[in-house]
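Tertiary structure, described
Next come the chains, spelled out residue by residue.
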Amino acid sequence: NKGNFEHYMQKEIHEQPESLTTTMRGRLLRGGSCKAKTVLLGGLKDHLKTIRRSRRIVFIGCGTSYNAALAARPILEELSGIPVTMEIASDLLDRQGPIYREDTAVFVSQSGETADTLSALDYALENGALCVGITNTVGSAIARKTHCGVHINAGAEIGVASTKAYTSQIVVMAMLALAIGGDTISNQARREAIIDGLFDLPNKVREVLKLDQVMKDLAKQLIAEQSLLVFGRRYNYATALEGALKVKEVALMHSEGILAGEMKHGPLALVDENLPIFVIATHDACFSKQQSVIQQLHARKGRLIVMCSKGEAASVCPEEWESCRVIEVPQLEDCLQPVVNIVPLQLLAYHLTVLRGFNVDQPRNLAKSVTTQ
Ligand code: UD1
Ligand code: BG6
């Protein structure tokens, strides 16, 4: 049921304040005056000790689910102190990459049925790793075969391009980082700030959804383009990859997510006055590096669209740069910022698709769940 919406993808983008609330329901505890704020993931509580003792955490997934894990990687590394590596399921299988008994392998999959991810799970089970699932589908193959896990509880997702599952996956993995990371005095303030940020997240997403018309206007300007680059770094490297994936999946436009730190090692050669470039430059510890990236792209006459934190337009794009467009989004704790930042890109991909006359909910050649290898 699409309710008042024209397409499932549109409905699923707009219901994210509610799906995120459901994902967090019963799992965030804000105790009384003397009790610390904490996280409770029922499916993991008996396994946390084993996970904390593991030598490495390996995230394994495909497509959007892989990108969600990439967004959560920095906070998991920070709070757990355990090395976190990333595997695209098919690539792990192609390489028969090493997986050890001392590893915790985390399988991220909206459907819980993706063939590559499922085969990688069989492979990790054979190699003796502790296997954890993060899925949206109770009773799915991945939920059943993993030793333990967390359901993201985002509700059924119908649109082939994943939107609300992506943001709920990031939130579950941020909660996973809080659950694994010890409750030490030194990280108490950080943990509390993240938990407060989680409580506030649905409101922030509600606020960023008000950019719908702004993103539709931008889509009108980009309707006939051949290509769109998306630059991001750190927490928002994943946003760049996921934003580009949305644009190529549904709007059928070439788009590439680029790690901003790699700009000089190739991508800069593409910059001219025609190619649109979307730069994610919301405020965090890497902000000054992103400002410098923007300046270098501008110096080469890049056609810039910059996403920045509310109130910071002038520090990313001086008034005299007439061709530069700015999208301001609400700021929140850095590790949760990707949840807000992906929303304008989801809206852009959606409107581009409708304006270009393509099928939003069932893009050409793609399937919601890829159950064959
Ligand atoms: C569970 C109940 C929920 C109830 C809550 C009350 C289910 C599915 N969930 O939620 O309805 O409101 O207790 O405390 O009955 N699992 C895997 N692999 C996965 C995902 C999950 O093995 O990929 C396992 C978990 O380890 C756990 C079980 O499935 O044993 C349920 O997981 P989850 O729904 O996340 O647990 P709760 O949030 O505690
Ligand atoms: C398919 C979908 O390719 O599978 C993508 O079209 C999705 O949207 C990918 O990200 C992985 O699916 P899942 O269910 O394992 O998260």
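Everything that follows concerns the structure shown earlier in this document.
What you see is a predicted model, and the numbers here were worked out from it, not measured in a lab.

**Things to note about the pattern of salt bridges**
According to the stated counting rule, one finds 20 salt bridges in the structure shown. The shortest N-O distance in the salt bridge between Asp 196 and Lys 37 comes to 2.9 Å. With Asp 196 in helix H9 (residues 188–208) and Lys 37 in strand E2 (residues 37–39), this residue pair connects regions lying 159 residues apart in the sequence. Note that Lys 310 and Glu 207 form a salt bridge whose closest N and O atoms lie 2.8 Å from each other.

**Description of the site of ligand 2**
Within the structure, ligand 2 sits among 14 residues, and Ser 65, Ser 109, Gln 110, Ser 111 and Thr 114 are positioned closest to it. Within the contact set of ligand 2, an oxygen atom lies 2.5 Å away from a side-chain nitrogen or oxygen of Ser 65. A distance of 2.6 Å separates an oxygen atom of ligand 2 from a polar side-chain atom of Ser 111. Relative to its unbound accessible surface of 390 Å², ligand 2 loses 89% to contact with the protein. Placement of ligand 2 is best described as lying within the largest pocket. No other element matches the three residues that helix H4 (residues 63–80) contributes to the shell around ligand 2. Class assignment of the residues belonging to the shell around ligand 2 gives a composition of four nonpolar, eight polar and two charged.

**Quick look at the packing of helix H8 (residues 164–180) against helix H14 (residues 337–356)**
Contact geometry of H8 with H14 gives a least axis separation of 9 Å together with a crossing angle of 170 degrees. Taken together, the axes of H8 and H14 are roughly antiparallel relative to one another. In contact with Tyr 166, Thr 167, Ile 170 and Val 171 of H8, H14 contributes Pro 338, Val 339 and Ile 342. Across the contact of H8 with H14, the residue classes tally to six nonpolar, one polar and no charged.

**What about unusual backbone geometry?**
Of note, the phi angle at Leu 252 is positive, near 55 degrees, even though the residue is not glycine. When you line up the elements, Leu 252 lands in the loop between helix H11 (237–251) and strand E9 (254–259). We classify Leu 252 as partly exposed; its relative accessible area is 23%. Of note in the backbone geometry, Lys 301 takes a positive phi value of approximately 65 degrees without being a glycine. Counting through the fold element by element, Lys 301 comes out in the loop between helix H12 (287–299) and strand E11 (303–309).

**Side note on the layout of surface pockets**
Of the volumes computed, that of the largest pocket is approximately 680 Å³. Surrounding the largest pocket, 33 residues form its lining, Cys 62, Gly 63, Thr 64, Leu 245 and Glu 249 being those nearest its centre. For the lining of the largest pocket, the secondary structure elements donating two or more residues are H4, strand E5 (103–109), helix H6 (115–126) and H11. Of the residues belonging to the lining of the largest pocket, the class tally is twelve nonpolar, 16 polar and five charged.

**Examining empty space enclosed by the protein**
Enumeration according to the criterion identifies one cavity of 30 Å³ or more in this entry. In this structure, the largest cavity occupies an estimated 70 Å³ of space. By residue class, the composition of the lining of the largest cavity is four nonpolar, three polar and two charged.

What counts, and where the lines are drawn
- Residues numbered from 1 in each chain as written.
- Chains lettered and ligands numbered in written order.
- Predicted model: local features only at pLDDT ≥ 70, side-chain atom pairs only at ≥ 80, totals over all residues.
- Heavy atoms only, no water.
- Salt bridge = Lys/Arg side-chain N within 4 Å of Asp/Glu carboxyl O.
- Helix = DSSP H or I, 4+ residues; strand = E, 2+ residues; numbered from the N terminus.
- Near = heavy atom within 4 Å.
- Polar contact = N/O pair within 3.5 Å; in protein donor to acceptor, adjacent residues only side chain to side chain.
- Areas by Shrake-Rupley, 256 points an atom, 1.4 Å probe, with all protein chains shown as cover.
- 1 Å grid on protein atoms, 1.4 Å probe; cavity = no way out; pocket = protein on both sides within 12 Å on 5 of 7 lines; lining within 4 Å.
- Sits in = over half its atoms within 2 Å of the grid points.
- Nonpolar A, V, L, I, M, F, W, Y, C, P; charged D, E, K, R; others polar.
- Axes fitted to C-alpha atoms, helices over the stretch in contact; angles between N-to-C directions.
- Parallel < 35°, antiparallel > 145°, perpendicular 65-115°, else oblique.
- Contact = heavy atoms within 4.5 Å.
- Buried < 20%, exposed > 50% of the residue type's maximum accessible area, 1.4 Å probe, protein only.
- Points joined across faces, edges and corners; volume = space filled by probe spheres on them.

Shape is all these values report; function is a separate question.
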